[in-house]
Each structure stands twice: as C-alpha cells, then as structure tokens.
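Below are the chains, spelled out letter by letter.
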Amino acid sequence: VPASTNSKRIKPTLLVSRLYQPSNLRDVGPDSRLQGEMTCKSQRLMQQAGLIHPSNPGCYYYLPAIVRSMEKLVRVIDQEMQGIGGQKLDMPSLCSAHLWKTSERWDLMGKELFRLKDRHGAEYCLGPTHEEAVTTLVAHQTTLSYRQLPLLLYQITRKFRDEPKPKFGLLRGREFYMKDMYSFDVSEEAAYETYESVCQAYTRLFARLGLRCVQVQADTGNIGGKLSHEFQLPADIGEDRLLVCGRCSFSANVETMSSDRTDCPQCKTGKLVESKGIEVGHTFYLGKKYSHIFSATFSNAQNKPVIAEMGCYGLGVTRILAAAIEVLSTEEGIRWPGLLAPYQVCVLPPKKGSKVDDAAVLAEELVHTLGESGPHLRGEVVLDDRTQMTIGKRLKDASSLGYPYVIVVGQGALEETPRFEVICQETSETMFLSKDGLLDLL
Ligand code: ATP
Ligand code: MG
Ligand code: MG
Ligand code: MG
C-alpha cells in the first residue's frame, strides 16, 4: 500500500505537514530587521518553531502548538487551585471606571491602565487585575455566612497592561494570560492559613513542572497589603534582583531592602548573594483593604456582618510558558517541562524513494498503536509525513520544537525483530527498542 493512501487513516491534525506552525524566522539572516527585534532566547525559539507570531508591540498570535501547551498548563493550575478549594469563575475584562475610582486605583495606575469609553461616554478600563471586580461581586451577596469561608475564587483570563517596555516575547506582554485568585476569610489568622496553603500549592505546581523556583519576600506595590511573596525562576535575563542568604532560608527581592545590603537581616551572620529572577507568581495578604472599601462582609456566628479578610494570588500563565522555555532550552531547540510539551511523540518515516521506503507503513502503524495505548498518548503522537525531506532535516525541526520523544522508523524496523530508534530529548539518549519496549518506555 503506498504511504500516501495509507496516511489518510491518520487524522490531519496528527500529520506534521498539516499542522499550522509557520516559522517566521527560518530564512531570516542575522542582520535582518526581524532578527534585531529578538530580545531573548525564548522569543526567538518560539517564533522559529511557529508557536507565536508577533502582532503589535507586546501582543502575539498564540498559534496552535502553544495553545496546546497552555491548555496543559491550565489543567495543572486548575488541579492545584481546586486542590486547595479554589472555584473557577470568569469575570469581565471590560471594567467600569467607577470601581477603580472607588478604590483610588484609577489614578494610581497611571499610564499602565488601558482606558476606553463606551458610546454613552461611560469610562472603562481593560482589567489588568481584578481585586475591585471580585470584591464587588462578593459584596453583592448579602447571605454569605462564616460557614462558607474560606472562599477562594479564581480565573484564568487575559489581562491588559500598557507596559512601558513590552519585550522578551511572552515574558512581558501588554495582553497576557494570568491566573488570579482571591480569598475571603473570617479572620486575619484564617487568612494567613489560606495564604500559606496557596504558597504551598504554587511550590507544588513548579515542582510538578520540574522548574526550580525561589519564593522571596516582595514589595506589595500598589495592590496594597502587608505580606507578600514572589515566586521567581532564577535566570540571567530576569528583570528582578534577588538577595538570597548563603546560610539561612532568607530570600528577598532587593525592592524590599535598603539597597546594597550584604549581611542577612534574619540570621545576622550569613552573607547575601545577589542573583536575577523572572517573576512567575506573586501572592499578597490584603487584609481588609478592598473588603472595607466595597463592604464585602459575611455574617458571623452571632449573625452580625463582619468585613472579610482577603488575599490575592497571581500566576503569569503565558510568562510561565516562556520562562520555562527560557531556562530549560538550548540555543538550538526548545526543551519543555514534560507535562507541557505540545505533543509527546513524533514519528519519522523514511525519506520517499529511499531504500527503506517500505518502512513508511510501519511508521503509520506505530502512530496508531502508540496513540491508542492509553489516555496519556491519545492525540499526542504525530507523524512527520514530510517524506520529501531527509531524516536529518526533519530531526532538526523535531529538535527545534522539542518533542520529548522522537522515533525514527528506518532499516531496523524492517528486520525480523523490528527495532525503532528512539531519541529521548531530556537525556539526549538514543535507544533501539522493539515495539513492546517502546510501549513500556512511553
Ligand atoms: P512585573 O514586576 O514583571 O511587571 P508585576 O509585579 O507587575 O510583574 P503582578 O501584578 O504581580 O505583576 O501580576 C501577577 C503575575 O502576572 C506576575 O507575577 C507575572 O507572572 C504576570 N505578569 C505581570 N505582568 C506581566 C506581563 N506584562 N506579561 C506577562 N506576564 C505578566
Ligand atoms: Mg508590572
Ligand atoms: Mg514585580
Ligand atoms: Mg508582582
């Protein structure tokens, strides 16, 4: 059976020739204008592999492969947030100026706020964060009882900020995805407990992704409140400066300290070492700041209204994707946290017209067998059917996109006991395995 007839059995969405991942760098020389705009490794790799496409400053098209990764990341975030009692909602991005004037952040936010008017002249902003909105929502519920607290509400939506210098691809956009959670508690003590459980969930999340993350004391900025931590991925490209004690657990963003300090304020004996980080998450204990302004109350055991204690907790969803690529990748190719790779496996049939052309059918069979071997591989195994290209060229593309496993179907597959060449991205190891061996590995 000729391969072309046979390949009709594989869904077009699993054929590399049909996947929409237009590289917009491939033929761009080092001096070109486009290359000049590349501000970091993750942006270059993501454009090269056809994951993102630049639109206007700080805004990108998220192309199908990165949308797959983002959906995977969202699933992991959902698991962790719901694991600590978070309930998912979705709030309007169009936020009334009235709310922002009430909290006094309409002026405080300055130029970072995207402002607009409707046809009646009413003023709005595009939500950069949602403390005002969520607190108003909760304030509307007059029947909230202490028995229903802690209440944890979160969303994963686009946020808008008119950043003065949007750069570094998805690391600093003007329109980006954030997970923002808000907590309501009966007392300061209970709010601290909730705060701690969110920090633990963040730590678990980054551990699951295989990303080394440092939790540092942070400034509370214009969000307000008393207690705050940032979750930072150590990276030279990071825009935050961190001070970490060599002796004890103390770590802080320099913004929180009188600068140039070198002795540890906690253990007093250790020396502070400076490094750079990418802020991927931020937690704030807010106290009654917003609940007081908007009268977000619950009724206590005596049925009296009491102002709720709040916290808010952000995660940069698109920033995590880019930051992970930034810290894990080589200059030549993307390396993903295994959980987030757009596809887990890429199968390469031989070049058309080569001596081992017959193995093409086996490659297609393999895509089917693997794809149906369990839910973890369903829809995750693609066939690079661009058989007019050499294996070498397709291997290079596969390495640039960073499939965790690449399987080359060649001479070995035609032997009496068929063997497949497997390249494991994480370890750079090459193995020769039988079909059963492959199924065991994957
Ligand atoms: P930064 O210091 O990098 O400007 P921020 O402190 O202003 O970030 P927060 O208000 O704490 O950001 O928002 C929560 C999270 O949203 C951040 O920890 C970060 O991961 C993400 N985030 C903030 N701004 C951007 C942006 N411009 N592009 C992508 N992600 C962002
Ligand atoms: Mg900012
Ligand atoms: Mg910051
Ligand atoms: Mg922050």
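Think of each chain on its own: its residues are numbered from 1, step by step along the sequence as written. All chains are assigned letters beginning with A, and all ligands numbers beginning with 1, in the order in which they are written. Local features in this predicted model are restricted to residues of pLDDT 70 or higher, and side-chain atom pairs are both shown and tallied only at a pLDDT of 80 or more, whereas totals for entire chains, interfaces and linings draw on every residue. Side-chain figures throughout are based on the complete set of non-hydrogen atoms in the structure, without hydrogens or water.

K.L.:
Is there a simple way to explain the pattern of salt bridges in this structure?
P.N.:
By definition, a salt bridge exists where a carboxyl oxygen of Asp or Glu is found within 4 Å of a side-chain nitrogen of Lys or Arg. In this structure the tally under the stated criterion is 20 salt bridges. Linking Asp263 and Arg261 is a salt bridge whose minimum nitrogen-to-oxygen distance equals 3.6 Å. A relative accessible area of 32% places Asp263 in the partly exposed class. What makes Arg261 partly exposed here is its relative accessible area of 31%. A 1.4 Å probe rolled over the protein chains alone gives each residue an accessible area, and that area as a share of the maximum for its type sets the label: buried under 20%, exposed over 50%, partly exposed in between.

K.L.:
Whenever I open this one, the sheet that holds strand β19 (residues 405-408) confuses me. Can you help?
P.N.:
The strands making up a sheet associate through backbone hydrogen bonding, with each pair oriented either parallel or antiparallel. When DSSP finds two or more bridges between a pair of strands, those strands are recorded as paired. The secondary structure listing takes helices from DSSP runs of H or I that are at least 4 residues long and strands from runs of E that are at least 2 residues long, numbered from the N terminus. Taken together, the five strands give an open sheet; going across it, the order is β18-β17-β19-β20-β21, and neighbouring strands pair in mixed fashion. On the outer flanks of this sheet lie β18 (381-383) and β21 (429-433), each paired with one strand and no other. Strand-to-strand twist of the sheet, defined as the mean angle between neighbouring strand axes without regard to direction, takes the value 25°. Sheet analysis places strand β17 (residues 345-348) next to β18, joined by three bridges and oriented parallel. The residue of β18 that forms the bridge with Val345 is Val381. Against the sheet, helix α11 (residues 359-371) touches β17, β18, β19 and β20 (420-424), its axis set at about 165° to β18. In this description, contact between two residues means that some pair of their heavy atoms is separated by no more than 4.5 Å. As a rule, the C-alpha atoms of each element are fitted with a line to give its axis, helices using only the stretch in contact, and angles between N-to-C directions run from 0 to 180 degrees. Along the sheet, helix α12 (residues 391-401) makes contact with β17, β19 and β20, crossing β19 at roughly 170°.

K.L.:
Help me understand unusual backbone geometry, please; the structure alone is not making it clear to me.
P.N.:
Note that the residue after Leu149, namely Pro150, is joined by a cis bond; omega there is 0°. As for its placement among the helices and strands, Pro150 is situated in the loop between α7 (131-140) and β7 (151-160). Not every positive phi belongs to a glycine, and Lys268 is a case in point at roughly 70°. Residue placement: Lys268 occurs in the loop between β12 (251-253) and β13 (272-287). Unusually for a residue other than glycine, Ser295 sits at a positive phi of about 55°. Within the secondary structure layout, Ser295 lies in the loop between α9 (289-294) and β14 (297-299).

K.L.:
Explain the site of ligand 1 to me, please; I cannot follow it from the model alone.
P.N.:
Residues in contact with ligand 1 amount to 14 residues; listed here are only the nearest, Glu163, Arg172, Gly173, Glu279 and Arg319. We define a polar contact as two N or O atoms separated by no more than 3.5 Å, with the added condition that, inside protein, one atom must be a possible hydrogen donor and the other a possible acceptor, whereas residues neighbouring each other in sequence contribute only through side-chain atom pairs. The side chain of Glu163 places a nitrogen or oxygen atom 2.8 Å from a nitrogen atom of ligand 1. At a separation of 3.2 Å, an oxygen atom of ligand 1 approaches a polar backbone atom of Val280. Reported accessibility uses the Shrake-Rupley method at a 1.4 Å probe radius. Residues are deemed covered only where the shown protein chains occlude them. When the free accessible area of ligand 1 is taken as 580 Å², the share hidden by the protein chains comes to 86%. Only β8 (175-185) and β13 provide two or more residues apiece to the shell around ligand 1. Near is defined per residue: the residue qualifies when any heavy atom it owns lies within 4 Å of the molecule or strand.

K.L.:
Help me out: how do you make sense of the nonpolar core in this one?
P.N.:
Nonpolar side chains in soluble globular proteins generally cluster together in the buried interior. Here, nonpolar core means buried Ala, Val, Leu, Ile, Met, Phe, Trp, Tyr and Cys residues that are tied together by side-chain atoms lying within 4.5 Å of each other. Membership of the largest hydrophobic core comes to 90 residues, with the highest contact counts inside it found for Leu51, Phe206, Val347, Tyr403, Ile407 and Val409. In terms of residues, this core owes the most to one element, helix α8 (residues 188-209), which gives nine residues. Among all residues touching Ile407, those that are not within four sequence positions of it are Val345, Cys346, Val347, Leu348, Leu366, Leu370, Phe420, Glu421, Val422, Leu438 and Leu442. Cys95, Leu144, Leu151 and Tyr290 belong to the second-largest nonpolar core, a separate cluster that totals 26 residues.

K.L.:
It is not clear to me how the coordination of the magnesium ion (ligand 4) should be interpreted in this structure. Could you clarify?
P.N.:
Each pair of donors in an ideal four-coordinate tetrahedral metal site encloses 109.5 degrees, whereas pairs in an ideal six-coordinate octahedral site enclose 90 or 180 degrees. Only nitrogen, oxygen and sulfur atoms count as donors, using a 2.8 Å cut-off from the metal that widens to 3.2 Å for Na, K and Ca. Water is left out, so coordination shells may look unfilled. For the magnesium ion (ligand 4), the full set of protein donor atoms is Glu279 (OE) and His282 (ND1), at a range of 2.1 to 2.2 Å. Taken as a pair, the magnesium ion (ligand 4) and the magnesium ion (ligand 3) lie 3.3 Å from each other and share Glu279 as a ligand. Accessibility expressed as a relative area gives 22% for Glu279, which makes it partly exposed. A relative accessible area of 11% places His282 in the buried class.

K.L.:
How should I be thinking about the pairing of β19 in this particular structure?
P.N.:
In summary, the side chains of a regular strand alternate between the two faces of the sheet. Relative to β19, β17 runs parallel, the two being bridged by four bridges. What sits directly across from Val345, in β19, is Tyr405. In the sheet, β19 pairs with β20 via four bridges, with the strands oriented antiparallel. Of the residues in β20, the one forming a bridge with Tyr405 is Cys424.

K.L.:
When you look at the packing of helix α4 (residues 64-83) against α8 in this model, what are you seeing that I'm missing?
P.N.:
A pair of packed helices is captured by two measures, namely the crossing angle of their axes and the spacing between those axes. In the contact formed by α4 and α8, the axes pass within 10 Å of each other and the chain directions differ by 145°. For the pair α4 and α8, the sense of crossing is right-handed. Between α4 and α8, the contacting residues are Leu73, Val76, Ile77, Gln79, Glu80 and Met81 on the first element and Ala201, Tyr202, Arg204, Leu205, Arg208 and Leu209 on the second. With the far helix as reference, a near helix turned anticlockwise by less than a right angle produces a left-handed crossing, and one turned clockwise produces a right-handed crossing.

K.L.:
Hey, could you run me through the sheet that holds strand β4 (residues 94-96) in this one?
P.N.:
The sheet built from three strands is open, its strands ordered β4-β6-β5 with antiparallel pairing. Of all the strands in the sheet, the pair left with one neighbour each is β4 and β5 (115-117). When the angles between neighbouring strand axes are averaged without regard to direction, this sheet yields 40°. Pairing between β4 and strand β6 (residues 123-126): three bridges, direction antiparallel. Bridging from a neighbouring strand, Ser96 pairs with Tyr124 of β6.

K.L.:
I keep staring at the packing of aromatic side chains and nothing clicks. Help me out?
P.N.:
Two aromatic rings are characterised by how far apart their centres lie and by the angle between their planes. Stacked, edge-to-face and tilted labels apply to pairs of Phe, Tyr and Trp rings (six-membered ring for Trp) whose centres lie within 6.5 Å, assigned for plane angles under 30 degrees, over 60, and everything in between, in that order. In this structure the tally under the stated criterion is four aromatic pairs. Both rings, one in Tyr62 and one in Tyr177, keep their centres 5.7 Å apart while their planes meet at 50°; by these two values the pair is tilted. Placement of Tyr62 in strand β2 (residues 60-62) and of Tyr177 in strand β8 is noted, with a sequence separation of 115 residues between them. Residues Tyr62 and Tyr177 agree in their burial class; the two are buried. When the ring of Tyr192 is compared with that of Tyr285, the centres are 4.7 Å apart and the planes differ by 35°; the resulting orientation is tilted. Taken together, the positions of Tyr192 in helix α8 and Tyr285 in strand β13 put the pair 93 residues apart, joining distant regions of the chain. By definition, being over a ring means that NZ of Lys or CZ of Arg is both within 6 Å of the ring centre and within 35 degrees of the ring normal. The ring of Trp106 carries Arg115 above its face, with NZ or CZ at 4.7 Å from the centroid.

K.L.:
Would you take a moment to explain the packing of helix α3 (residues 41-48) against helix α10 (residues 317-328) for this structure?
P.N.:
Contact pair α3 / α10: the axes reach a minimum separation of 8 Å and the direction vectors enclose 100°. Relative to α10, the element α3 lies roughly perpendicular. For the pair α3 and α10, contact is made by Lys41, Ser42, Leu45 and Met46 and by Ala322, Ile325 and Glu326, respectively. Looking at the contact of α3 with α10 residue by residue, the class counts come to four nonpolar, one polar and two charged. Any angle that falls under 35 degrees is termed roughly parallel, while one over 145 is termed roughly antiparallel, one within 65 to 115 roughly perpendicular, and all others oblique. Polarity classes work like this: nonpolar for Ala, Val, Leu, Ile, Met, Phe, Trp, Tyr, Cys and Pro, charged for Asp, Glu, Lys and Arg, and polar for all others, with Gly in that last group.

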